[in-house]
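Observations on the three-dimensional arrangement
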Amino acid sequence: VEQVEGPLLRKGASIRRDMADQTELAKAVSDNQVIDVHTHVYLPKYMEMMKGRTELPFVRTYDGQERLVILPEEDVEGGAGGRPIHQHYWDVNEKLAWMDTHRIDAAVISLANPWLDFMNGEEAIPVARELNVEMDDICANSNGRFFGFGCLPSMSVEGCLTELDRVAESKYLRGCIIGSNGLGKGLDDPALDAIWRKASDLNIPFFLHPHYGIGGNDLFSGDKYGHSLFLSHGFPFETCTAVSKMVLSGVFEKFPKLQFLLAHSGGVLPFLAGRIDGCALDDPKLAGRLPKKPSEYLQNLYYDAVNYHAPAMTCTADFVGTDRMMFGTDHPFSIADPQQNYTAMGEAEKHPRRGGLGGQLTAEEVTKICSANAVRFLGLDGAYKAPSKP
């Protein structure tokens, strides 16, 4: 792969460099190169399409403010539903400025939900092609700061296979983002086997991200609490359930080279892995189906570090190991707070870890999470040249 010039860091506010606790670990957080693997963009062509739609999902203007409406409960009478959106949702220059503020050197950008899940296969195929070309062009013109996850026409197996070939040929697209819906029957649907087989053969990883939630807005009393519980509970449990079904159905046994990066540290998988083992072991429907415990398959997957506090950071590191964790922010959504993740890594030393590993993430482990794992997992060797810190 031809080497491209590394990111050009602008001088300015450095949240990481301003950390007060300059322990060895905090210094490692401050000095590391950082690659953000969980950061979204609504591509300009995608926004143009959404503004032209009248059915969910769509963008509409209410009281002079554009609003993105992607969930049924957001489509309220009067037009005030949905989330207000601003230029940083689609303008990559705004994203670069935000990255500079938080000293993020490079990013693997991905189309944000709901992707193309709402379109039938034939309709989505040309759109996926157009969006992937646009994503590739944005990355090519970023001076080495952007790589991308491609999107797929999720309701068409043949269309997905074609786009996997396109991603494999791209210099800048290093995987594909997908949701949990598949063809409408989840990711454990045998009809998806051709996609898993091709991705395995081409060594293309998937970034799994939630959209549908578990339980719906009624369960989480959206009339009282807005989207807060739907996003904090429904999203993580969606990921947890989708991946657990893939494990129990034998997808990862059948395709051992299949690579998945899980958003939001896998939801609650690191915490519930032992319970999943116990429940599966005692269920006669699953007897003899898998040669390994479910948790062993989960430990072969990759997890972003978008978990916001030290106990979750430590739990994930303890379960899967720091070789399989990667830094992320969830930008441009309001929950994005790199400082929380930097602080979580810096404070993880205070939370004991099992197995005699001691009570801290080492400087070497922080380096892995911040950038080295992403370089290895996404095959960025030779394509990403880390800049010198000023």
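Residue numbers here run from 1 along each chain, matching the order of that chain's written sequence. Totals for whole chains, interfaces and linings use every residue, but because this is a predicted model, local features are given only for residues with pLDDT of at least 70 and side-chain atom pairs only at 80 or more, for both listing and counting. Hydrogen atoms and water are omitted, and side-chain values are computed over all heavy atoms in the structure.

We now examine the packing of aromatic side chains. Two measures describe an aromatic ring pair: the distance that separates the ring centres and the angle between the ring planes. Working definition: rings of Phe, Tyr and Trp (its six-membered ring) pair if their centres are within 6.5 Å, and the pair is stacked with planes under 30 degrees apart, edge-to-face with planes over 60 apart, and tilted otherwise. Summed over all chains, the structure comprises 14 aromatic pairs. Relative to Phe377, the ring of Tyr302 lies with its centre 4.3 Å away and its plane at 40 degrees, an arrangement referred to as tilted. Of this pair, Tyr302 sits in strand E10 (residues 302-304) while Phe377 is found in helix H15 (residues 363-377), placing the two residues 75 residues apart along the sequence. Accessibility expressed as a relative area gives 8% for Phe377, which makes it buried. Three or more aromatic residues joined by ring pairs form one cluster here, namely Tyr42, Tyr46, Tyr89 and Phe333. Positioned above the aromatic ring of Tyr297 is the side chain of Lys292, whose terminal nitrogen or guanidinium carbon lies 4.6 Å from the ring centre. The helix and strand labels rest on DSSP assignments: H or I over at least four residues marks a helix, E over at least two residues marks a strand, and numbering proceeds from the N terminus. Exposure categories follow from relative accessible area, calculated using a 1.4 Å probe and restricted to protein chains: below 20% of the type maximum is buried, above 50% is exposed, and the middle band is partly exposed. The criterion is that NZ of a Lys, or CZ of an Arg, lies within 6 Å of the ring centre and within 35 degrees of the ring normal, and then a charge sits over that ring.

On to the sheet that holds strand E5 (residues 106-111), then. The pairing criterion is simple: DSSP has to find at least two bridges between the two strands. Pairing is parallel across the open sheet formed by 8 strands, whose spatial order is E1-E5-E6-E7-E8-E9-E10-E11. Strand pairing shows two members of the sheet lacking a second neighbour, strand E1 (35-41) and strand E11 (325-326), which therefore form its edges.

Moving on, we get to the packing of helix H5 (residues 157-169) against helix H6 (residues 193-202). Comment: axis = line fitted to C-alpha atoms, over the contacting stretch for helices; angle = value between 0 and 180 degrees taken between N-to-C directions. As a packed pair, H5 and H6 sit with axes 10 Å apart at the nearest point and diverge in direction by 10 degrees. The orientation of H5 relative to H6 falls into the category roughly parallel. On the side of H5, the interface is formed by Val157, Cys160, Leu161, Leu164, Asp165 and Ala168, while H6 contributes Ala194, Ile195, Lys198, Ala199 and Leu202. Polar here means any residue outside two lists: the nonpolar Ala, Val, Leu, Ile, Met, Phe, Trp, Tyr, Cys and Pro, and the charged Asp, Glu, Lys and Arg; Gly therefore counts as polar. Classifying every residue of the contact of H5 with H6 by side-chain character gives 9 nonpolar, no polar and 2 charged. Orientation is classified from the angle alone, with under 35 degrees giving roughly parallel, over 145 giving roughly antiparallel, 65 to 115 giving roughly perpendicular, and any other angle giving oblique. Every residue pair with non-hydrogen atoms within 4.5 Å of one another is taken to be in contact.

Among the buried residues, those of types Ala, Val, Leu, Ile, Met, Phe, Trp, Tyr and Cys that are joined through side-chain atoms within 4.5 Å form a nonpolar core. If you look at the biggest cluster of nonpolar residues, it comprises 106 residues, and the most contacted ones within it are Trp196, Phe206, Leu258, Phe260 and Leu298. In terms of residue count, the dominant contributor to this core is helix H4 (residues 121-140) (7 residues). Each residue touching Leu258, except ones within four places of it in the same chain, is listed here: Trp196, Ala199, Ser200, Phe206, Met246, Val251 and Phe252.

Positionally, Leu96 belongs in helix H3 (residues 92-101). C-alpha separation for the pair Leu96 and Ala106, spaced 10 residues apart in sequence, amounts to 8.9 Å.

Any two cysteine sulfur atoms within 2.5 Å of one another count as a disulfide. A full pass over the atoms with the stated rule returns 0 disulfides. Not engaged in a disulfide, the cysteine Cys176 finds its nearest cysteine sulfur in Cys151; these two sulfurs lie 8.0 Å apart. Among the residues examined, Cys176 registers a relative accessible area of 0% and is labelled buried.

On to the pairing of E5. Taking burial as the measure, the 6 residues of E5 include 6 buried ones, the bulk of the element. Side chains Ala106, Val108 and Ser110 project from E5 onto one buried face, and the interleaved Ala107, Ile109 and Leu111 project onto a second face that is buried too. In this sheet, E5 lies alongside E1 in parallel orientation, the contact comprising 5 bridges. For Asp36, the partnering residue across the bridge sits in E5 and is Ala107.

What follows is about helix H13 (residues 310-320). Among the residues of H13, those classed as buried are Ala310, Met313, Thr314, Thr316, Ala317, Phe319 and Val320. Note on H13: the residue one or two positions beyond its end, Gly321, has a positive phi of about 90 degrees.

So, about the sheet that holds strand E3 (residues 65-69). With antiparallel pairing, the 3 strands of this open sheet are ordered in space as E2-E3-E4. One side of each edge strand has no neighbouring strand; the edge strands of this open sheet are strand E2 (58-62) and strand E4 (83-84). The pairing of E3 with E4 spans 2 bridges and is antiparallel. Bridge pairing in E4 links Arg67 to Pro84. Helix-sheet contacts for helix H2 (residues 44-51) involve E2 and E3, and the interaxial angle to E2 is about 70 degrees.

Before going further, it helps to spend a moment on the packing of helix H9 (residues 228-249) against helix H11 (residues 269-281). One can describe the packing of H9 onto H11 by two numbers: an axis separation of 12 Å at closest approach and a directional angle of 40 degrees. As the angle between them shows, H9 and H11 are arranged oblique. Between H9 and H11 the crossing geometry is right-handed. Counted together, Phe237, Cys240, Val243, Ser244 and Leu248 of H9 and Leu269, Leu272, Ile276 and Ala280 of H11 form the full contact between these two elements. If you view the pair so one helix is near and one far, a crossing is left-handed when the near helix is turned anticlockwise from the far one by less than a right angle, and right-handed when it is turned clockwise.

A separate point is the confidence of the model for the protein. Values of pLDDT, the confidence the predictor places in each residue, fall between 0 and 100. Summing up the model confidence of the protein, the mean pLDDT is 85 and the portion of residues at 70 or higher is 84%. In this model, residues 1-23 is a region of pLDDT below 50 whose contacts with residues beyond four sequence positions or in other chains number 67 contacts. Scored below 50 in pLDDT, residues 350-359 shows 19 contacts in the model against residues more than four places distant or in partner chains.

Should a side-chain nitrogen of Lys or Arg be within 4 Å of a carboxyl oxygen of Asp or Glu, the pair is scored as a salt bridge. Under the defined criterion, the tally for this structure stands at 7 salt bridges. Lys198 serves as the salt-bridge partner of Asp165, at 2.9 Å between the closest nitrogen and oxygen. Separated by 33 residues along the polypeptide, Asp165 in helix H5 and Lys198 in helix H6 bring together distant segments of the chain. Given the relative accessible area of 29%, Asp165 is considered partly exposed. A residue is classified by how much of its surface remains accessible, and Lys198, at 24% relative accessible area, is partly exposed. For Asp193, the salt bridge goes to Lys254, with nearest N and O atoms at 2.6 Å. In this pair, Asp193 sits in helix H6 while Lys254 sits in helix H10 (residues 251-254), placing the two residues 61 residues apart along the sequence.

So, about unusual backbone geometry. A cis amide bond, omega -10 degrees, links Leu56 with the succeeding residue Pro57. Summarising the element assignment, Pro57 is placed in the loop between H2 and E2. With an omega of 15 degrees, the peptide bond running from His331 to Pro332 counts as cis. Even without glycine at this site, His264 takes up a positive phi of about 55 degrees.

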